[in-house]
Amino acid sequence: MSPVQYVDRRRRLERGKISHDEVIDLALRMVTQHPKLTRLIADGYPIIFVDEYQNTSPKTIRLLLDHIAGAGHHSCVVGLFGDSIQKIYPSGQGAVVHPQLTPITKHENHRCSLPVVAVLNKIRPELQQEAVGEHTDGEVHVFLNSTLPAGHACLDAAPQHLTERG
């Protein structure tokens, strides 16, 4: 019997080659059926962080929160970092509500300029942000119902328009 191998394309179950989704299914099945394995993982990895959790498989989130967190002899802390509004994959988890989670809202925005944060605060008033850091200068230009042509022609015309505005 050949060993099981991970392949990123063209799974071949008959040859022991499994893809990303099968790895997640297998891991969930293993921790569900083998509590000792779950404790070993929790003890070996006392802190697990998931960045951009909103795009993570719901099965992975369930594996971490329902099985790994708190399963070891010492507590295992699972931290989810991200923003459910920024979910880009249909298969991603999106928002997570779980009794073991304590939400921590971050109001500092280190990525965007003051004008961009002002627009974000108008779009999403329930999450007011503050622009902090070195990149606080900037501008916002909205090309909507403008005199510029529509579609891709608008994208082509935008650099000229911005150059004219300085």
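Reading guide: rules and limits
- Residues numbered from 1 in each chain as written.
- Predicted model: local features only at pLDDT ≥ 70, side-chain atom pairs only at ≥ 80, totals over all residues.
- Heavy atoms only, no water.
- Axes fitted to C-alpha atoms, helices over the stretch in contact; angles between N-to-C directions.
- Helix = DSSP H or I, 4+ residues; strand = E, 2+ residues; numbered from the N terminus.
- Parallel < 35°, antiparallel > 145°, perpendicular 65-115°, else oblique.
- Left-handed = near helix turned anticlockwise from the far one by under 90°.
- Contact = heavy atoms within 4.5 Å.
- Salt bridge = Lys/Arg side-chain N within 4 Å of Asp/Glu carboxyl O.
- Buried < 20%, exposed > 50% of the residue type's maximum accessible area, 1.4 Å probe, protein only.
- Phe/Tyr/Trp six-rings, centres within 6.5 Å; stacked < 30°, edge-to-face > 60°.
- Nonpolar A, V, L, I, M, F, W, Y, C, P; charged D, E, K, R; others polar.
- Polar contact = N/O pair within 3.5 Å; in protein donor to acceptor, adjacent residues only side chain to side chain.

*Asks:* Would you take a moment to explain the packing of helix 1 (residues 20–33) against helix 3 (residues 58–68) for this structure?
*Replies:* A packed helix pair is summarised by two numbers, namely the angle formed by the two axes and the spacing between the axes. Relative orientation of the contacting elements helix 1 and helix 3 amounts to 15 degrees, with a least axis distance of 10 Å. By the angle class used here, helix 1 and helix 3 are roughly parallel. Taken as a pair, helix 1 and helix 3 cross one another with a handedness that is left-handed. On the side of helix 1, the interface is formed by I24, D25, A27, L28, V31 and T32, while helix 3 contributes K59, T60, R62, L63, H67 and I68.

*Asks:* Any chance you could explain the pattern of salt bridges here in plain terms?
*Replies:* A side chain with one charge may pair with a side chain of the opposite charge, provided their charged atoms come close. Per the counting criterion, the structure on display carries 3 salt bridges. Of the charged contacts in the structure, one is a salt bridge between D25 and K59, with a shortest N-O distance of 2.5 Å. Of this pair, D25 sits in helix 1 while K59 sits in helix 3, placing them 34 residues apart in sequence. Judged by relative accessible area, which is 34%, D25 ranks as partly exposed. Between R124 and D83 there is a salt bridge, with its nearest N and O atoms 2.6 Å apart. In this pair, R124 sits in the loop between helix 4 (114–123) and strand 6 (130–131) while D83 sits in the loop between strand 4 (77–81) and strand 5 (108–109), placing the two residues 41 residues apart along the sequence. Assigned by exposure class, R124 and D83 land together as buried. What emerges from the salt-bridge pattern is a single network uniting D83, R124 and E126.

*Asks:* Help me understand the packing of aromatic side chains, please; the structure alone is not making it clear to me.
*Replies:* The geometry of an aromatic ring pair comes down to the distance between the two centres and the angle between the two planes. A complete count under the given rule lists 1 aromatic pair for this structure. Note on F49 and F81: the rings are 5.2 Å apart at their centroids and 80 degrees apart in plane angle, and the pair reads as edge-to-face. With a gap of 32 residues between them, F49 in strand 3 (residues 47–51) and F81 in strand 4 connect regions that are remote in the sequence. A relative accessible area of 57% places F49 in the exposed class.

*Asks:* Would you mind going over the environment of I61 with me for this structure?
*Replies:* By the element assignment, I61 lies in helix 3. Since its relative accessible area comes to 4%, I61 is described here as buried. Sequence separation between I61 and G92 is 31 residues, and the spatial gap between their C-alpha atoms is 9.9 Å. Excluding anything up to four places from it in sequence, I61 contacts Y53, T56, D66, L80, Q93 and V96.

*Asks:* I tried to follow the packing of helix 1 against helix 2 (residues 35–44) on my own but got confused; where do I start?
*Replies:* Packing of helix 1 against helix 2 leaves a shortest axis separation of 5 Å and a crossing angle of 110 degrees. Classified by the angle between their axes, helix 1 and helix 2 sit roughly perpendicular to one another. Residue-level contacts link M30, V31 and Q33 of helix 1 to P35, L37, T38 and I41 of helix 2. Here the residues of the contact of helix 1 with helix 2 sort into 5 nonpolar, 2 polar and no charged.

*Asks:* Honestly, the environment of Q93 in this entry has me stumped. Any pointers?
*Replies:* With respect to the helices, strands and loops of the structure, Q93 is situated in the loop between strand 4 and strand 5. With relative accessibility at 23%, the residue Q93 sits in the partly exposed group. Spatially, the C-alpha atoms of Q93 and D51 are 12 Å apart, while their sequence positions differ by 42 residues. For Q93, the side chain forms a polar contact with the main-chain oxygen of A95, separated by 3.3 Å.

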